[in-house]
Amino acid sequence: MKSFFKEITLFRLSLLFIIFFSGGIQIFSILISTLIPTILIFILYSKYKIVVIHKNIKAISFVVILYFSYAVFIANDLEDIKFVVFRLVRFMMAIFLLNFIYVKRVQFIDELYIVLKWLAIHGVFNFVIVYFLFKYFTFIPETNTSSIFVFFGPQNIEGLFRRNQGVFWEPGVFQIYLNVFLFINLFYRNSKNKFPVWIILALILTTVSTTGFFISFLLITYSYFFRSKITGKRIFVMIFTFPFVFLYSNYTIETVEKKISGNQNGSYLARNFDTLNGFTLAYNNPFGIGFSTAKYQEVAEKNLFKIDTEITTDRANTNSIAMLFYSTGFGWGIIFLILMYRQKVFLKNKFLFFLLIFFSLFSEPLFFTPFFLLFPLSGISKISDGLKNKKIKL
C-alpha cells in the first residue's frame, strides 16, 4: 500500500484524468469532466513554475491554429462554432500537457506505464466485483451502465459474464488502453517476468472486444515470432505457448462470428453502419462539413445502405477515422494520419503502434480527445527531445 501511495504524483494524476476524459464513463457532466483535468494541469504548471513555451510547442501551435482557422472557415452557423470550441479545448489540454513534458523532460513512457498499471489493477477488481455483486449496482441514467463506488458494469450479459469496461464508457475503449499497456510491456520493459503480459491478455479477454483480440494477437505474434532471431529457448516458448495461442485465436474467431451473425451482432451492425455512412459523407464532402453532428445525423437517418438495424441516428459517428475525414476534409485527414505515424512518443516499432491506434480508432470516437491527440501533435515536431530524456522526480 505504501508503494502505491509513493507512485501517486501530480503529473500522474493529471495524466489519469486526461485518460478519463478520453473515454471514461460519464459520471459527471461534460463541464465537470473538462474542469478536473484542466485544474490539475493548471496546478501542475503553478507547482513547477512553468512559464516558458518549448520550441516544439510553437510549431505544434502553428499547425493547430491553421487547422482551427480552416474549421471556422467551413463552419455553417453558430452551432458549428460551438463544436469548434469544444474541439479546441481538447487540443489545448493535449498541448499544455505536451509542453510540460517537453519543458520538464519527463520520461513519459514510464509515467504512462504507472497510470496504465493502475487502470489494469482496477480492471481486475472491476471484473470480479461486477461478476459477484452486480445486483447491488445502481443504474446510471442515459447509459447502458450500472455502478457501485468506482466499479462499472454493462446492463446486459454476453455469454458467461458481463463485459469488463473498467472505468470507461464501454469495453471497446478499455481494450485500447490495455493494448497500449501490453505494447509497453512487450517492447519497452526489459523484465523477464511475463506475468503482467498474461494478466493483460486475460483482461483483454474479459472485454470480449474483437478489435482488442485482433490487436493483442498482432502484438504477441510480432513480439514472440518475428522480432528477434530464432533460438532453442524461443522454439521451446513457441511450442509451450502454441496451445494458448490456438485457443486465443479460436475464441477470437468465435467472437467475431457471434458479432457478425449471432446474438451479439449489435456492435458489429453499429460499427458497419457508422463506417459506411461516415466515409460516404466524407466522399460527398471532400473538404469537410465541420464538427457539428447535425449533418452526419441527416445522412444516418436516410440509412443509404439499408442496413437492417434499430440503431438510433441522433448521435455522433463511432468511427474516428471516418469522423476525421468528413469533419475537416481529406487533406487534413491524411495530414493527421501521417502525423499519427510520425508520433514521437513510441520510437520503437512505430508502425506497429500506428496499427494499434488506427484499428482502435476505427471503432471508437476518440481521435479528438486529449490523450489520443498527444500522438499526432507530437508528430509535428522534428525531434523527440522531451519524450524520452532523463527521469525527474515529479
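What counts and how
Starting from 1, residues in each chain are numbered consecutively following that chain's sequence as written. Note on the predicted model: pLDDT of at least 70 is required for a residue's local features to be given, and 80 or more for side-chain atom pairs to be given and counted; whole-chain, interface and lining totals, by contrast, use all residues. As a convention, hydrogens and water are excluded, and side-chain values are obtained from all of the structure's heavy atoms. Numbering of helices and strands runs from the N terminus, with a helix taken as a DSSP run of H or I at least four residues long and a strand as a DSSP run of E at least two residues long. Areas reported here follow the Shrake-Rupley algorithm with a probe of radius 1.4 Å; residue values treat only the protein chains shown as occluding. One speaks of a salt bridge when a side-chain nitrogen belonging to Lys or Arg is within 4 Å of a carboxyl oxygen belonging to Asp or Glu. Type-normalised accessible area, obtained with a 1.4 Å probe on protein chains alone, sets the label of each residue: buried when under 20%, exposed when over 50%, and partly exposed for intermediate values. Two strands form a pair only when DSSP identifies at least two bridges running between them. By the convention used here, residues are in contact when the closest approach between their heavy atoms is within 4.5 Å. Nonpolar side chains (Val, Leu, Ile, Met, Phe, Trp, Tyr) within 5 Å and like charges within 9 Å form the patches, drawn only from residues with over 30% relative accessible area and no salt bridge. Fitted lines through C-alpha atoms give the axes, limited to the stretch in contact for helices. The angle between two N-to-C directions lies from 0 to 180 degrees. By convention the crossing between two helices is left-handed if the near helix lies anticlockwise of the far one by an angle smaller than a right angle, and right-handed if it lies clockwise. All amino acids are sorted into three groups, where Ala, Val, Leu, Ile, Met, Phe, Trp, Tyr, Cys and Pro are nonpolar, Asp, Glu, Lys and Arg are charged, and the leftover types, Gly among them, are polar. Working definition: a ring pair exists when centres of Phe, Tyr or Trp rings (six-membered ring for Trp) sit within 6.5 Å. Plane angles under 30 degrees give stacked, over 60 give edge-to-face, the rest tilted. Note on criteria: charge over ring means Lys NZ or Arg CZ within 6 Å of the ring centre, with the direction from the centre no more than 35 degrees off the ring normal.

1. Overview of the overall build of the protein
Secondary structure summary: the protein contains 15 helices and three strands in total. Just so you have it, the protein exposes about 19,400 Å², and 68% of that area is on carbon and sulfur atoms.

2. Overview of the pattern of salt bridges
Throughout the structure, instances matching the rule amount to three salt bridges. A salt bridge links Glu79 to Lys82, with the nearest nitrogen and oxygen atoms 3.3 Å apart. Here Glu79 pairs with Lys82, and both are found in helix 5 (residues 78–104), just three residues apart, close to one helical turn. By relative accessible area, Lys82 is classed as partly exposed at 37%. With a closest N to O distance of 3.9 Å, Arg189 and Asp110 form a salt bridge. With Arg189 in the loop between helix 7 (171–187) and helix 8 (195–207) and Asp110 in helix 6 (residues 108–133), the pair connects residues that are 79 residues apart, well separated along the chain.

3. Thoughts on the pairing of strand 3 (residues 151–154)
Side-chain alternation along strand 3 places Phe151 and Gly153 on one buried face and Phe152 and Pro154 on a second face that is also buried. In this structure, strand 2 (residues 145–148) lies alongside strand 3, joined through four bridges in antiparallel fashion. Within strand 3, the residue paired with Ser146 across the bridge is Gly153. Between the end of strand 2 and the start of strand 3, which pair antiparallel, lie two residues, with Phe149 showing a positive phi angle near 55°.

4. Quick notes on the side chain of Asn126
Along the chain, Asn126 turns up in helix 6. Assessed through its relative accessible area of 1%, Asn126 is described here as buried. For Asn126, the residues in contact, after removing those within four places along its chain, are Val150, Phe151, Phe152, Asn164, Gln165 and Gly166.

5. Description of the sheet that holds strand 3
Read from one edge of the open sheet, three strands run 1-2-3, paired in antiparallel fashion. With partners counted over all chains shown, the strands left at the sheet margins are strand 1 (138–139) and strand 3, one partner each.

6. Concerning a nonpolar patch on the surface
A cluster of nonpolar side chains, contributed by Ile121, Val124, Phe125, Val128, Tyr131, Phe132, Leu133, Tyr136, Phe195 and Ile199, occupies part of the molecular surface with about 1,000 Å² of accessible area. Going through the elements one at a time, helix 6 and helix 8 are the ones with two or more residues in the nonpolar patch. At seven residues, helix 6 tops the list of elements feeding residues into the nonpolar patch. Mapped onto the secondary structure, Leu133 falls in helix 6.

7. Thoughts on the packing of helix 2 (residues 10–21) against helix 6
Interhelical geometry of helix 2 versus helix 6 gives an angle of 60° and a closest axis separation of 10 Å. The handedness of the crossing between helix 2 and helix 6 is right-handed. Between helix 2 and helix 6, the contacting residues are Phe11, Arg12, Leu15, Leu16, Ile19 and Phe20 on the first element and Phe108, Glu111, Leu112, Ile114, Val115, Leu116, Trp118 and Leu119 on the second. Residues that form the contact of helix 2 with helix 6 fall into these classes: twelve nonpolar, no polar and two charged.

8. Brief notes about the packing of aromatic side chains
Here the structure, examined in full by the defined rule, presents 49 aromatic pairs. Taking the centre distance of 4.9 Å and the plane angle of 75° together, the rings of Tyr67 and Phe336 count as edge-to-face. Note that Tyr67 is positioned in helix 4 (residues 55–74) and Phe336 in helix 13 (residues 320–341), a separation of 269 residues in sequence. The pair Tyr67 / Phe336 is uniform in exposure class, with both members buried. An angle of 65° between the planes, with centres 5.5 Å apart, marks the rings of Tyr188 and Phe346 as edge-to-face. Placement of the pair is Tyr188 in the loop between helix 7 and helix 8 and Phe346 in the loop between helix 13 and helix 14 (350–361), with a sequence separation of 158 residues. Through successive ring pairs, a cluster of aromatic residues spans Phe168, Phe174, Tyr177, Phe183, Phe187, Tyr188, Tyr222, Phe346, Phe353, Phe371, Phe372 and Phe375. Above the ring of Tyr113, the side-chain terminus of Arg189 is found at 3.8 Å from the ring centroid.

9. Observations concerning the environment of Val64
Here Val64 shows up in helix 4. Residues Val64 and Phe91 lie 27 residues apart in sequence; the distance between their C-alpha atoms is 8.0 Å.

10. Remarks on the pairing of strand 2
One ladder, built from two bridges, connects strand 1 with strand 2; its direction is antiparallel. Bridged to Thr138 within strand 2 is Ser147. Taking the residues between adjacent antiparallel strands as the criterion, strand 1 and strand 2 are bridged by five residues, where Glu142 takes a positive phi near 65°.

11. Concerning the environment of Ser360
Inspection of the secondary structure assignment puts Ser360 in helix 14. Judged by relative accessible area, which is 0%, Ser360 ranks as buried. For the pair Ser360 and Ile176, spaced 184 residues apart in sequence, the C-alpha separation works out to 6.3 Å. Aside from chain neighbours lying at most four places away, what touches Ser360 is Gln175, Ile176, Thr211 and Ile215.

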